[in-house]
Amino acid sequence: MPLIKKTDYDYPKWLFNGHLQTIVPSLFRNPFTLPFERERVNTPDGDFLDLDWLRQGSKNLVIISHGLEGNSQRPYMSGMARQFYVNGFDVLNWNFRGCSEEINRKPIFYHSGATYDLDFVVHHAANNYDSIYLIGFSLGGNLTLKYLGEKRERNPKIRKGVAISVPLHLESSSIQISKGENILYAKRFLKTLKEKVAKKAVFFPDEIPVGTLRKIKTLQDFDDHFTGPLHGFEDAHDYYEQNSSLYFLEGINVPALVLNAQNDPFLSDKCFPVKFARKLDDVWMEFPKYGGHVGFSPRKREDIYWSEKRAFEFITGDL
């Protein structure tokens, strides 16, 4: 029964709700300075991805995927990278298309189900390692779980996966983030997404109808007009239905952990499928009451973040 009922996360009492637990680490946590080495790789379709490596000759590699409008150097990414690097792992933080401060070469962007890029990264990295572990945050968590559950040939070196603050059901989560006070998060994402679209439309005016931007009021609008059609889906609903990792969990056959806080303002009720979790053989679900979205701040400032501690325990331990 892979449903973890007890959790040892103890949140800082001054971060007394899900919004504070989300916003404070996002805005005020500093990234760690680590000896990353950047590699640019060309994708099979003529685009590129920027990869940030931490290498120390380990035979174990952790590949970490960021969230919506994130990048490889966000504090939650460098924090997770540090936890594994100081404990002997090699680490690869990778940037989705268009997320490494340079416009990518194709009209497409990244999206929640673009597992072709994650697969490419895994195979690019695999030759030098005996074991590979995948970690994803938010959108990157959905990408990670979908990839692990797809009916495809995956590299046999993949041992485990961890998904943190993951919108298992994309459509209801898109609606959730546009409700009430949560709309502030959606507007922040929309601002940078619209800026990217406007910049890219200069190079791809036929593929990207930049005039449509003025109609975009919600993330679902954006997915309806841009994410969906640009990536081969009919609309937002089709995009959500084809890419929600909830529908791929039964296909996962390596140990995987889903770590979602119950007070996460981004997540809908469908992101906490308790009854479904009991039917799964290889997917563990842990739903602490507190933590916010990609939060999980420690009680003491000098301690590591609880999500980093928990991911490390799951990957290195006996589950």
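Being a predicted model, the structure only gives us computed values, none of them experimental. (Residues numbered from 1 in each chain as written. Predicted model: local features only at pLDDT ≥ 70, side-chain atom pairs only at ≥ 80, totals over all residues. Heavy atoms only, no water.)

A. Region of interest: the overall build of the protein. Along the backbone of the protein there are 10 helices and nine strands. For 319 residues, the compact-globule formula gives about 20 Å, and the C-alpha radius of gyration of the protein, at 18 Å, lands near that figure. Seen through its C-alpha atoms, the protein measures out along the principal axes to roughly 50 × 45 × 40 Å. Of the contacts made within the protein by residues no fewer than 6 positions apart, 77% connect residues no fewer than 24 positions apart. Summed over its atoms, the accessible surface of the protein is roughly 14,300 Å², and 50% of this surface lies on carbon and sulfur atoms. When the 41 positive and 40 negative side-chain charges of the protein are each reduced to one mean point, those points stand 4 Å apart. (Helix = DSSP H or I, 4+ residues; strand = E, 2+ residues; numbered from the N terminus. Rg over C-alpha atoms; globule rule 2.2 N^0.38 Å. Contact = heavy atoms within 4.5 Å. Areas by Shrake-Rupley, 256 points an atom, 1.4 Å probe, with all protein chains shown as cover. Lys, Arg positive; Asp, Glu negative; His and termini not counted. Charge placed at Lys NZ, Arg CZ, Asp CG, Glu CD.)

B. Here's a closer look at the pairing of strand E8 (residues 256-259). The alternating pattern of E8 places Ala-256 and Val-258 and Leu-257 and Leu-259 on opposite faces, both of which are buried. When strand E7 (residues 158-164) meets E8, the two strands line up parallel, connected through four bridges. Opposite Ala-163, over in E8, you have Val-258 as the bridge partner. Pairing between E8 and strand E9 (residues 283-286): four bridges, direction parallel. The residue bridging Leu-259 from the neighbouring strand is Glu-286, located in E9. (Buried < 20%, exposed > 50% of the residue type's maximum accessible area, 1.4 Å probe, protein only. Pairing = 2+ DSSP bridges.)

C. Quick peek at the environment of Phe-204. Secondary-structure assignment places Phe-204 in the loop between helix H6 (183-201) and helix H7 (219-230). Measuring from C-alpha to C-alpha, the distance between Phe-204 and Lys-106 comes to 8.3 Å, with 98 residues separating the pair along the chain. Not counting residues up to four positions away in its chain, the partners in contact with Phe-204 are Asn-104, Arg-105, Lys-106 and Pro-107.

D. Up close: helix H3 (residues 115-125). With eight of 11 residues buried, H3 lies mostly within the body of the structure. Those residues of H3 that fall on the buried side of the exposure criterion are Thr-115, Asp-117, Leu-118, Asp-119, Phe-120, Val-121, Val-122 and Ala-125.

E. Structural context of the sheet that holds strand E4 (residues 60-65). With mixed pairing, the nine strands of this open sheet are ordered in space as E1-E9-E8-E7-E6-E4-E5-E3-E2. Pairing within the sheet leaves two strands with one partner each, and these edge strands are strand E1 (3-4) and strand E2 (37-42). Sheet analysis places E4 next to strand E6 (residues 131-137), joined by six bridges and oriented parallel. From the neighbouring strand, Asn-60 faces E6, where its bridge partner is Ser-131. Its contacts with the sheet put helix H4 (residues 139-149) on E4, strand E5 (90-94), E6, E7 and E8, and the angle it makes with E6 is roughly 140°. (Axes fitted to C-alpha atoms, helices over the stretch in contact; angles between N-to-C directions.)

F. Representation of the packing of H3 against H4. Where H3 contacts H4, the two axes come as close as 9 Å, and the packing angle between them is 75°. In this view, H3 runs roughly perpendicular relative to H4, as classed from their interaxial angle. Across the interface between the two elements, Thr-115, Leu-118, Asp-119 and Val-122 from H3 touch Leu-143, Thr-144, Lys-146 and Tyr-147 from H4. A breakdown of the residues in the contact of H3 with H4 according to their chemical character gives four nonpolar, two polar and two charged. (Parallel < 35°, antiparallel > 145°, perpendicular 65-115°, else oblique. Nonpolar A, V, L, I, M, F, W, Y, C, P; charged D, E, K, R; others polar.)

G. Local environment of the nonpolar core. Ile-63, Trp-94, Leu-145 and Met-285 are the most contacted members of the largest nonpolar core, which totals 64 residues. Among the elements that line this core, the one with the most residues is H6, at seven residues. In contact with Ile-63, other than residues within four places in its own chain, are Leu-92, Trp-94, Leu-118, Val-121, Val-122, Ile-132, Tyr-133, Leu-134 and Ile-135. If you look at the next biggest cluster of nonpolar residues, it comprises 31 residues, including Leu-257, Phe-296, Phe-312 and Ile-315. (Core = buried A, V, L, I, M, F, W, Y, C linked by side-chain atoms within 4.5 Å.)

H. Summary view of empty space enclosed by the protein. By the definition in use, this model includes three cavities of 30 Å³ or more. If you trace the largest cavity, you find 26 residues lining it, with Leu-68, Ser-112, Leu-139, Leu-219 and Asp-223 closest to the centre. For the lining of the largest cavity, the secondary structure elements donating two or more residues are helix H5 (170-176), H6, H7 and helix H8 (236-243). Looking at the lining of the largest cavity, the element that brings in the most residues is H7, giving six residues. Along the lines of polarity and charge, the residues of the lining of the largest cavity split into 17 nonpolar, eight polar and one charged. Space inside the second largest cavity adds up to approximately 50 Å³. Lining the second largest cavity we find Arg-29, Tyr-76, Met-80, Phe-137, Val-294, Gly-295, Tyr-305, Ser-307 and Glu-308. Counting only elements with at least two residues in the lining of the second largest cavity, the list comes to helix H2 (75-85) and helix H10 (306-316). In terms of residue class, the lining of the second largest cavity is built from five nonpolar, two polar and two charged. (1 Å grid on protein atoms, 1.4 Å probe; cavity = no way out; pocket = protein on both sides within 12 Å on 5 of 7 lines; lining within 4 Å. Points joined across faces, edges and corners; volume = space filled by probe spheres on them.)

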